[in-house]
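Results of the structural survey
So the chains spell out like this:
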Amino acid sequence: MTTAAVRFAGVTKRYGSAEVLRQVDLELAAERTTAIVGESGSGKSTLLQLINGLVRADAGIVEVLGSDLETVDLLALRRRIGYAVQGSALFPHLDLTANVTLLARLLGWSAERMATRLGHLLELMELAPELAHRYPHELSGGQQQRASLCRAMMLEPPLLLLDEPFSAVDPITRVGIHAHFERLAASEPVTVVLVTHDLREAVKLASDLVILRNGSVAQAGPCDEVIAAPADAWIERLFRSQLG
Ligand code: ADP
Ligand code: MG
């Protein structure tokens, strides 16, 4: 039996009168990668922000790493959640090392512990030691994106949330970053929730798939099962147009 790292029960989120997520029931398996796909505006980013408590549900229960978000200490929980968004969102005035180690430093990690973890992540992401003191503008787009993954993983979070992290890089660089991501996900017992509008990327990187449509879960399950048995004609068309 797999345990869930994230559980949504009857979750609704409104902005004004618009219901951007509607009665979402969902379980994301621990230590697996789940891709959230759907058209722009379908609620993908909102779903991630509900998981790290950046936005709060208007109804329903969100449980993350065993805690109900209504009662948990959010700051403590967020330290256990890595988060990376589109573009790299690195701090422009900090070099690569300072960007990656910022939170560990604030939390009082020893220099030795920080250096060990940083070195491990840079090696995993194939970021050469001579890049460690470059500023973001001195790094390529692909290097920035890999640095941002290092930053998200610095505190060894059991949960990693990625919001279209690879969509700003060119297609060739993206293939390389996919390989780096897969190495990272395989090397640590981390649950990954990957938001993407690219179904091919989803199927390549994730074991589970959640398809959002207008704020509702259209279908969810292991990638191969969902693809083998699309729940309705709309999903079948989506697969045919993007995977066919
Ligand atoms: P996606 O990531 O799938 O493109 P989002 O979760 O960002 O979708 O947005 C879902 C819907 O919620 C969209 O219609 C969007 O305009 C709306 N929305 C998102 N964030 C806000 C906000 N802070 N205030 C008002 N509306 C928002
Ligand atoms: Mg989004």
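Below, the structure is looked at part by part. (Residues numbered from 1 in each chain as written. Chains lettered and ligands numbered in written order. Predicted model: local features only at pLDDT ≥ 70, side-chain atom pairs only at ≥ 80, totals over all residues. Heavy atoms only, no water.)

**Section: unusual backbone geometry**
Even without a glycine there, the phi angle at Gln23 is positive, about 50 degrees. Structurally, Gln23 can be placed in strand 2 (residues 18-29). The class of Gln23 is exposed, set by a relative accessible area of 53%. For Leu65, which is not glycine, the phi torsion reads 50 degrees and is therefore positive. Looking at the secondary structure, you find Leu65 in the loop between strand 4 (59-64) and strand 5 (67-68). (Helix = DSSP H or I, 4+ residues; strand = E, 2+ residues; numbered from the N terminus. Buried < 20%, exposed > 50% of the residue type's maximum accessible area, 1.4 Å probe, protein only.)

**Points about the layout of surface pockets**
Roughly 530 Å³ of volume is contained in the largest pocket. Those elements that provide at least two residues to the lining of the largest pocket are helix 2 (74-78), strand 6 (81-85), helix 3 (96-106) and helix 5 (141-153). Counting contributing residues per domain, the lining of the largest pocket is built from domain 1 (1-80 + 159-165 + 189-244) and domain 2 (86-156), each supplying no fewer than three. The wall of the second largest pocket is formed by 14 residues, among which Val55, Arg56, Ala57, Leu69 and Glu70 lie closest to the centre. (1 Å grid on protein atoms, 1.4 Å probe; cavity = no way out; pocket = protein on both sides within 12 Å on 5 of 7 lines; lining within 4 Å. Points joined across faces, edges and corners; volume = space filled by probe spheres on them. Domains from an automatic or database assignment.)

**With respect to the environment of Asn52**
Looking at where Asn52 falls in the secondary structure, it is placed in the loop between helix 1 (44-51) and strand 4. Relative accessible area serves as the criterion here: at 4%, Asn52 is assigned to the buried category. Residues Asn52 and Leu124 lie 72 residues apart in sequence; the distance between their C-alpha atoms is 26 Å. Apart from residues lying up to four places away in sequence, Asn52 is in contact with Leu74, Arg78, Ile81, Tyr83 and Leu161. One polar contact links the side chain of Asn52 to the main-chain amide nitrogen of Leu54, over a distance of 3.2 Å. (Contact = heavy atoms within 4.5 Å. Polar contact = N/O pair within 3.5 Å; in protein donor to acceptor, adjacent residues only side chain to side chain.)

**Some details on the packing of helix 5 against helix 6 (residues 171-187)**
Where helix 5 contacts helix 6, the axes come no closer than 10 Å and their chain directions differ by 20 degrees. Of the possible angle classes, the one that applies to helix 5 and helix 6 is roughly parallel. As helix 5 runs across helix 6, the sense of the crossing is right-handed. Contact residues: helix 5 offers Gly142, Gln145, Arg146 and Met153, while helix 6 offers Thr173, Ile177, His180 and Leu184. Across the contact of helix 5 with helix 6, the residue classes tally to three nonpolar, four polar and one charged. (Axes fitted to C-alpha atoms, helices over the stretch in contact; angles between N-to-C directions. Parallel < 35°, antiparallel > 145°, perpendicular 65-115°, else oblique. Left-handed = near helix turned anticlockwise from the far one by under 90°. Nonpolar A, V, L, I, M, F, W, Y, C, P; charged D, E, K, R; others polar.)

**Notes on the sheet that holds strand 4**
The four strands are arranged 2-1-4-5 in an open sheet whose pairing can be described as antiparallel. Lying at the two open borders of the sheet, with one neighbouring strand each, are strand 2 and strand 5. This element, helix 1, spans strand 1 (4-15), strand 2 and strand 4 of the sheet and lies at about 120 degrees to strand 1. (Pairing = 2+ DSSP bridges.)

**A closer look at the packing of helix 4 (residues 111-124) against helix 6**
For the pair helix 4 and helix 6, the least separation of the axes is 9 Å and the interaxial angle reads 135 degrees. For the element pair helix 4 / helix 6, the angle class is oblique. Where helix 4 abuts helix 6, its residues Leu121, Glu123 and Leu124 lie against His180, Arg183, Leu184 and Ser187. Along the lines of polarity and charge, the residues of the contact of helix 4 with helix 6 split into three nonpolar, two polar and two charged.

**Some details on the pattern of salt bridges**
Going through the model one piece at a time under the given rule, you end up with 11 salt bridges. Residue Glu19 is joined to Arg14 by a salt bridge in which the shortest nitrogen-to-oxygen separation is 3.7 Å. Notably, a salt bridge pairs Glu236 with Arg240, separated by 3.9 Å at the nearest N-O pair. A residue pair is termed a helical-turn pair when its members lie 3 or 4 positions apart in one helix, as Glu236 and Arg240 do in helix 9 (residues 233-242) at four residues. One salt-bridge network, held together by shared partners, links Arg7, Glu27 and Glu63. (Salt bridge = Lys/Arg side-chain N within 4 Å of Asp/Glu carboxyl O.)

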